[in-house]
Structures are given as structure tokens and as C-alpha cells.
Amino acid sequence: MGLLAREIEARGVTTVGLALVKEVAVAANAPRFLYLHWPFGHALGEPGNIAQQRTVLHDMFSMAVNAPRPGLVVDLPYRWRRETYAPVADWSMPSDSLLSALSLKPSALERVAI
Amino acid sequence: MKLQKKTDDKETVNAGGKSPDRTPIGWLKEAWAHWISNTPRGTSLGHWASRTIALPQLKRLAAGQIPWTPLRKPLSDSTVVLISTGGVHLRSDRPFNMNSDSSFRVIPREVQPGDLPISHQAYDRTDALRDINLVFPLERLHELEAERVIGGLAQEHYGFGLMGSAKRLMPSIKEVARGISNAGVDLALLVPA
């Protein structure tokens, strides 16, 4: 999937990918990845949890707009089945999860070796 | 597209009629996929397998500079395309080969969840079949289009199946990338199995 992101981005289209295996996302050298420590087949979360799914999409949009450089794999902080998801208050603002990962917790960022 | 309502009734998560179909993979593979997806040991093994298969290939194919295209307009003006590697395709299309398939399927924007089978054997599809948005969040994107959060959805979206050889996948990857670029899409969202 990282190779697909690279090809699409090289053709002038912004990409954001979700990743469930972090090492593979890092090795893919793709422009922007968000990593979720969630089970296979559940990249957007649990069935019927619309607030959760919208939260992940908000994080993807926030990454599309705010990623400062290519090759970042950002850890999202959500625990599996132990979170409650508030409705997204303002879609025009970046998500708190992404802002906190980008600015306050540099350890959450994986700088890809080029 | 019918919108979903959150519900505790596990059989009726997909509103608007039929749920997606589970393309049969046999009980043994089904049990294996369930174990990989739903147990800590299985997940560890799944991660190990992904790394073992992908890392050597990526070392060769994903070397060099990382491409970079900043989003060129506000999200509310941007056209969004969705790409899933979860084995999603149209019911009227040929299913993916379960062992490996280097082809892709086009999924039109107005598709209904009931018209989307999943043909993939490497993960437990039970939840995704109850709510296809877990691997192909097109309903959520339709809502965001209606709310004017995004400018619009592309006319055509894309599904891939299970494929171990990245090299054999490259012609399809290049074709999809070309199609997306030619369609004037601004943002591509990629969702894994």
C-alpha cells in the first residue's frame, strides 16, 4: 500500500494511508501514514461506531493538511475498545490527536531513514 | 447512499438492506484468519508475516526520495478518492483470487454496501461484512461530502486483494495512480485490510 501511495503522490495527488503494521509502514517510505494499534480488518475501528470512524477520517484529513515533511508514520493514541469518541467539533481544525503527535510528542513520530 | 445509524443489533449494522457478501474461503482458512485477527498471538504472527513478506521487497522498491505533493486546495474544495486493500469489489465483478491477485477493481461512488463482497483470506472479515466502512469507509465519506467537509468524492474508487509480490503488483499500482491523477483527484485515502 505504501508503494501505491508513492506512485499516486508522484503523480501530483496528496495521499494519506492507514497502517496496522508499523514496521511495514516505515519501510514503505510513503509520504504520510497514520499507525493504529488495532486488529487486522479494523482500520476504521469497530462496526457501527460512526464517531470512531469519523475520528479516524478527521485524523487522516488533518495529516493531509498538516504533515510537515514526507515519510512520517504518526502513532494515533487510541486503545482498542477502551476509548470513547466525541463527535468531531470542527472539521476545519486539525485533530487534537494529530497535533499532539506532531508537536508535543516527538517520540510518536518515526523519522524514516532516506 | 443510505447512511448508517449506530446500533447494538449486530446483524443490522448495515442499514438499507443487504450486507456485503463473504466470499467463502473454507473453514480451515476461516479459522486461521479469525485467529490472526482476534488473538494476541495470532496478531503477532500476522505482523511477523507482514514484515517478513514486505520488508525485503520494500527495501528494493521503495528506495530513494519520498514523493511529496502538499494538498493544493482547502479540504472543502478537494476531491477525495478511496483505495482499499481489503479485498472489496463489486458483486458483478470477478472475485479476487484468494491466494494472490495482482489486479484491481473499480468501485463507483454510488455503490451500495450490499453490492460489495469481500474476497480476501488473510483477515477475519466478520466485522467488515457487518460494516464495510471498516475497510472501505465510502458511506462516511458520502456523509462528509453532504456536510461539505470535503469538496466531493471521485466518481471511481479502487479495491485491491491479497498479493504477496509487490513487483507483480506494480503495473496495477501504476495504472491506478495514472487513473486517479487523470481524474483530477486532490486527495487519496488508503485503507489496509
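Bear in mind that the values here come from a model prediction, so they are computed numbers and not experimental data. (Residues numbered from 1 in each chain as written. Chains lettered and ligands numbered in written order. Predicted model: local features only at pLDDT ≥ 70, side-chain atom pairs only at ≥ 80, totals over all residues. Heavy atoms only, no water.)

Caption draft 1: Spatial organisation of the overall build of chain B. When helices and strands are counted, chain B shows 5 helices and 5 strands. Each helix and strand of chain B, ordered N terminal to C terminal, gives the series α-α-β-β-α-α-β-β-α-β. Over its C-alpha atoms, taken along the principal directions, chain B stretches across nearly 50 × 45 × 30 Å. A total of 193 residues make up chain B; the buried ones form 52% of that total. Sequence separation of at least 24 residues holds for 75% of the intrachain contacts in chain B that already meet a minimum separation of 6. (Helix = DSSP H or I, 4+ residues; strand = E, 2+ residues; numbered from the N terminus. Buried < 20%, exposed > 50% of the residue type's maximum accessible area, 1.4 Å probe, protein only. Contact = heavy atoms within 4.5 Å.)

Caption draft 2: View of helix α5 (residues 166–182) of chain B. Residues and elements named next belong to chain B. Counted at 1.5 Å a residue, the expected span for α5 with its 17 residues is 24 Å, and the 23 Å between its end C-alpha atoms agrees. Residue Ser172 marks the point of greatest curvature in α5, where the axis turns by about 30°. Burial in α5 covers these residues: Ala166, Leu169, Met170, Ser172, Ile173, Val176, Ala177 and Ile180. Looking one or two residues beyond α5, the residue adopting positive phi is Gly184, at roughly 75°. (Expected span 1.5 Å × (residues − 1). Bend = angle between axes of the 7 residues up to and from the residue.)

Caption draft 3: Expanded view of the pairing of strand β3 (residues 72–75) of chain A. All names here are of chain A. Two strands pair when backbone bridges link them, and strand β2 (residues 32–35) and β3 are joined in this way by 4 bridges, in the parallel orientation. Residue pairing across strands places Leu34 opposite Val74, the latter belonging to β3. Remark: the β2/helix α3 (residues 50–66)/β3 crossover connection has left-handed handedness. (Pairing = 2+ DSSP bridges. Right-handed = clockwise from strand over helix to strand, strands pointing away.)

Caption draft 4: Representation of the nonpolar core. One finds A:Phe61 and B:Leu189 to be the most contacted residues of the largest nonpolar core, which totals 88 residues. For this core, the leading source of residues is α5(B), giving 7 residues. Residues within four places of B:Leu189 in sequence aside, it is in contact with A:Val16, A:Leu57, A:Met60, A:Phe61, B:Val80, B:Val81, B:Leu82, B:Ile83 and B:Leu141. (Core = buried A, V, L, I, M, F, W, Y, C linked by side-chain atoms within 4.5 Å.)

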